[in-house]
Amino acid sequence: MKPMVIDVIHGPNLNMLGRREPEIYGTTTLADIDRELNTLGASLGADVESFQSNAEGEIVDRIQEAYGRVSGLIINPAAYTHTSVAIRDALAMLSCPIVEIHLSNIHKREPFRHHSYVSGVADGIIAGFGARGYTMALEAVLEMIRDKK
């Protein structure tokens, strides 16, 4: 039996985690997050594949490549959360569980960050727990997959 594949997509500027605004986003790096997700995924019977891009089109391409290939998807669209209909539409075609994640609580920040185009197509949203939110998202998406069976 082949393991479940979970795609984790990180949006713009997340490659700068640990250096960019640590008072908001913390000091954990993206490599730290990906390493922890891989370890947790393996212990829970899932292969975790991570992808980061600062380019909207590359994120859309990755979502399209996930179609029929992955069991679940975790996405932190970062700044594209509030602007990208293209990412939202790409996610809408997937039939697997989708969890939207944000390191900070977007509803506690500037008003323009309160709206998410992604939330309407996500099965769940995790925000405000810092890097720990990613492990919460992985556990949640795996539970959703197992509940579907």
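Residues numbered from 1 in each chain as written. Predicted model: local features only at pLDDT ≥ 70, side-chain atom pairs only at ≥ 80, totals over all residues. Heavy atoms only, no water.

An unreviewed UniProt entry lists the protein chain under the name 3-dehydroquinate dehydratase, with Desulfoluna butyratoxydans given as the organism. Per UniProt, the protein chain carries the Pathway (unreviewed entry) text "Metabolic intermediate biosynthesis; chorismate biosynthesis; chorismate from D-erythrose 4-phosphate and phosphoenolpyruvate: step 3/7." Taken from UniProt, the Function (unreviewed entry) comment for the protein chain reads in full: "Catalyzes a trans-dehydration via an enolate intermediate." (UniProt positions renumbered as here; feature names shortened; annotations may be inferred.)

A. Molecular detail of the UniProt feature "active site" (unreviewed entry) in the protein chain. As annotated in UniProt, the feature "active site" (unreviewed entry) corresponds to Tyr 25 and His 102 in the numbering used here. These annotated residues cover 78 residues of sequence, but their C-alpha atoms sit close together, with the largest distance between any two at 9.4 Å. Note on placement: His 102 falls in strand β4 (residues 98-102). Residue His 102 is classed as buried on the basis of its relative accessible area of 5%. A polar side-chain atom of His 102 sits 2.7 Å from a polar atom in the side chain of Glu 100. (Helix = DSSP H or I, 4+ residues; strand = E, 2+ residues; numbered from the N terminus. Buried < 20%, exposed > 50% of the residue type's maximum accessible area, 1.4 Å probe, protein only. Polar contact = N/O pair within 3.5 Å; in protein donor to acceptor, adjacent residues only side chain to side chain.)

B. Inspection of the pairing of β4 at higher detail. For β4, a buried count of 5 out of 5 residues is recorded, marking the element as mostly surrounded by other parts of the structure. Burial of the side chains of β4 extends over both faces: Ile 98, Glu 100 and His 102 are buried on one face and Val 99 and Ile 101 on the other. At this point the chain moves from strand β3 (residues 72-76), through helix α4 (residues 85-92), to the parallel β4, and the crossover so formed is right-handed. (Right-handed = clockwise from strand over helix to strand, strands pointing away.)

C. Examining the UniProt feature "binding site: substrate" (unreviewed entry) in the protein chain more closely. UniProt annotation of "binding site: substrate" (unreviewed entry) refers to Asn 76, His 82, Asp 89, Leu 103, Ser 104 and Arg 113 when read in the numbering used here. Relative to the helices and strands, His 82 is located in the loop between β3 and α4. Relative accessible area serves as the criterion here: at 14%, His 82 is assigned to the buried category. Take Asp 89: it is sitting in helix α4.

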